[in-house]
Amino acid sequence: MIPRPSSRRPDENFFIVAHDIKYVYEGGIEALKGVNLRIKSGDFIAIVGGNGSGKTTLAKNLIGLLRPTSGSVDVAGNRAEKMTVAELAHFVGYAFQNPDHQLFSGTVEEEVRFGPRNLGMPDAEVSKKADHAIALMGLQNLKSEQPLSLTLGLRRKVSIASVIAMDPQVIILDEPTTGLDAEEIADLMTSIRALNEEGHTLILITHDMRLVAQHAKRVIIMANGRILLDSDPPGAFSDLGLLRSSKLEPPPVTQLAHSLAEFGIPKDIATAEALVESIISARSGRP
Amino acid sequence: MRPLELRDVKFTYANSSRRALDGVSLDIEKGEFVTLLGANGSGKSTICMLSNGLIPHAVKGRLEGSAKVFGFEVSEHTVSEFATRVGIVFQEPESQLFCMSVEEEVAFGPENLAVPREEIRERVGWALELVGMKGYDDRSPFSLSGGEKQRVAIAAALSMRPEMLVLDEPAYALDPVGRIGLYRVLRELKERHGMTVLLAERDAEEASVFSDRVVLTKEGRVIDSGAPKEMLRDPDRLRSIGVLPPQLSEVASLLGKRLGRSDLNFTGMDEARRTIIELFSTRRTGGAR
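Residues numbered from 1 in each chain as written. Chains lettered and ligands numbered in written order. Predicted model: local features only at pLDDT ≥ 70, side-chain atom pairs only at ≥ 80, totals over all residues.

**A word on the overall build of chain B**
No. 1: When helices and strands are counted, chain B shows 12 helices and 10 strands.
No. 2: Expected size for 289 residues packed as a compact globule is a radius of gyration near 19 Å; at 21 Å, chain B falls within 12% of this value.
No. 3: Judged by the C-alpha coordinates and their principal axes, chain B covers about 70 × 45 × 30 Å.
No. 4: Here chain B holds 289 residues, and the buried ones make up 48% of them. (Helix = DSSP H or I, 4+ residues; strand = E, 2+ residues; numbered from the N terminus. Rg over C-alpha atoms; globule rule 2.2 N^0.38 Å. Buried ≥ 20, exposed ≤ 12 C-beta atoms within 10 Å, placed from the backbone.)

**A look at the interface of chain A and chain B**
No. 1: Across the boundary between the two partners, chain A contributes 34 residues, which contact 35 residues of chain B.
No. 2: At the level of elements, α6 (182-197), α7 (209-215), α10 (252-259) and α11 (272-283) of chain A are the ones that each hand at least two residues to the side of chain A that touches chain B.
No. 3: With 7 residues, α11(A) is the largest single contributor of residues to the side of chain A that touches chain B.
No. 4: Residues that form the side of chain A that touches chain B fall into these classes: 15 nonpolar, 10 polar and 9 charged. (Contact = placed C-beta atoms within 7 Å. Nonpolar A, V, L, I, M, F, W, Y, C, P; charged D, E, K, R; others polar.)

**Digging into the domain arrangement of chain A**
All names here are of chain A.
No. 1: On domain assignment, one finds that chain A holds domain 1 (1-91 + 170-184 + 193-235), domain 2 (103-167) and domain 3 (251-287).
No. 2: Relative to domain 2, the C-alpha centre of domain 1 lies at a distance of 23 Å.
No. 3: Listed as interface residues are 10 residues of domain 1 and, on the opposing side, 9 residues of domain 2.
No. 4: Only β7 (170-174) and α6 provide two or more residues apiece to the side of domain 1 that touches domain 2.
No. 5: Top contributing element to the side of domain 1 that touches domain 2 by residue count: α6, with 3 residues.
No. 6: Of the residues belonging to the side of domain 1 that touches domain 2, the class tally is 7 nonpolar, 2 polar and 1 charged. (Domains from an automatic or database assignment.)

**Regarding the sheet that holds strand β2 (residues 21-28) of chain B**
No. 1: What the 4 strands build is an open sheet, ordered β2-β1-β4-β5 (chain B); its pairing is antiparallel. The sheet terminates laterally at β2 and β5 (72-73) of chain B, the two strands that pair on one side only. (Pairing = 2+ DSSP bridges.)

**Quick look at the packing of helix α4 (residues 102-112) of chain B against helix α6 (residues 146-158) of chain B**
Geometrically, a packed helix pair is captured by the angle between its two axes and the distance between the axes.
All names here are of chain B.
No. 1: Their axes nearest at 7 Å, the elements α4 and α6 cross at an angle of 35 degrees. For the pair α4 and α6, the sense of crossing is right-handed. For the pair α4 and α6, contact is made by V102, E105, V106, F108 and G109 and by V152, A155 and A156, respectively.
No. 2: Taken together, the residues of the contact of α4 with α6 break down into 6 nonpolar, 1 polar and 1 charged. (Axes fitted to C-alpha atoms, helices over the stretch in contact; angles between N-to-C directions. Left-handed = near helix turned anticlockwise from the far one by under 90°.)

**Observations concerning helix α7 (residues 176-193) of chain B**
Residue and element names in this part refer to chain B.
No. 1: Here α7 contains 18 residues, and its C-alpha end-to-end distance of 25 Å stays within 8% of the 26 Å for a straight helix at 1.5 Å per residue.
No. 2: For α7, the complete set of buried residues consists of P176, G178, R179, G181, L182, Y183 and L186.
No. 3: Downstream of α7 by one or two residues, G194 has phi in the positive range, about 65 degrees. (Expected span 1.5 Å × (residues − 1).)

**Brief notes about the confidence of the model for chain B**
Residue and element names in this part refer to chain B.
No. 1: Here chain B shows a mean pLDDT of 91. Residues at 70 or above account for 98%.
No. 2: pLDDT under 50 marks residues 285-289. Its contacts with residues more than four places away, or in other chains, come to 10 contacts.
No. 3: Of the two predicted TM-score estimates for the complex, the pTM is 0.85 and the ipTM is 0.82. (pLDDT = per-residue confidence, 0-100.)

Written as structure tokens, this is what we have:
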């Protein structure tokens, strides 16, 4: 029997705590070299870093798909090592980068119902959770479609809905916008924000700094298996050298802002809107 | 002979009822760097596969109109006939790599053409150097990072000494620094070797800086074509066709709206900086309150 804290309590201080975790893959590659991390309920965190920085390895250690070589992870006040992957799934859900790794059912509805049913929820609750997840992702009209016949953008939504349906407090989304076009990204991010507003903790793994600037409340920059920076979004954009050394090209607006510093433009600009506002106010002589 | 000449091309995939291309006319000139920009499903990949004959020979469907590659109708010639003139690189480098070493991978194409050994060695060295992967010859392609794999896939296409390189969202899985690095390599191929580059993208950020021309696609049609600066100046229009606008275009557009200056338009960083500094020096006479 796993202890089940009420998963939406806002005063739950840290829902996930990672203590100095290291992870070595078979063959000796050390993908995590000592990561400490505390995650509050309700946060919207972006984990960013270049290919091979350890982002996905970290996520897999949080959901028990990989177990730390040393160090430990606490989830909802319990040692993760004492829980099975299925038990951890009550608390932390993970949507794969490639949704096709996750989809196998005949219809969207069956796909989304699979998770909660597998966790042993009673039928009525399965229906309630699945309907809610389907509505959140805007898939109401596609319930009887075959998941693999849908476009990549919709397949990704189905895979996220099937994670949401298990109602984990924390949802990890691994590169959810890869391969999507502008319209699909805007649509998906609206649904993802709604999840966060409902009280879910979101961890977005990405290397798209534009996405981070628009949505995240906290940014964790990883490089070489370590956390280089843990900060609010403006702080994450103020050090161009750090971004580049983490294989994260600073967004053009950030580069432009830095080149205009002598005119009083702040260096922590990350969106076009923020840059335009600061240009307008610098121009009118206000600080 | 033009690398690509499409005249009112229509194409419907074998098990689809929808036209993937719905009357596309498009010329790609020798030495041009052209980026096709459009939403998923707008026809970009179909144009890429047409440009080396994969469509209609390997990927079946109904092709109408005229599609000429270096003057030859694609439907009348085989993929292997185009292989020495057109190199193609897909989204996922994994789908293209299969050899035990980087060297074998890059040598595979010319070996199949029975190119003399000495020349193959020379081509492999040349191609790896061009993509910045010199010295990786003995590495296993599967031990490389995503960006490195994509460069090996490009080197493998280059070793055939093509005149045109076609890339379907080549930076798909790359981190931002990998993306920029890849685009620099492509631009250099054009500048130094006169390579024709045709590229499909959903993200206009790099297209604004690296392309000579941008072609906008929507629902199987080409809706506009021209210099990046003109094609990319309206972020709302780009978003409406599923393309992520360049951030500097967004800045120019927002700033223009705030200041009542519809003429504001910049793409490169230096140009943006100059224009904004000018705004500071003209603030008394500018349109702002």
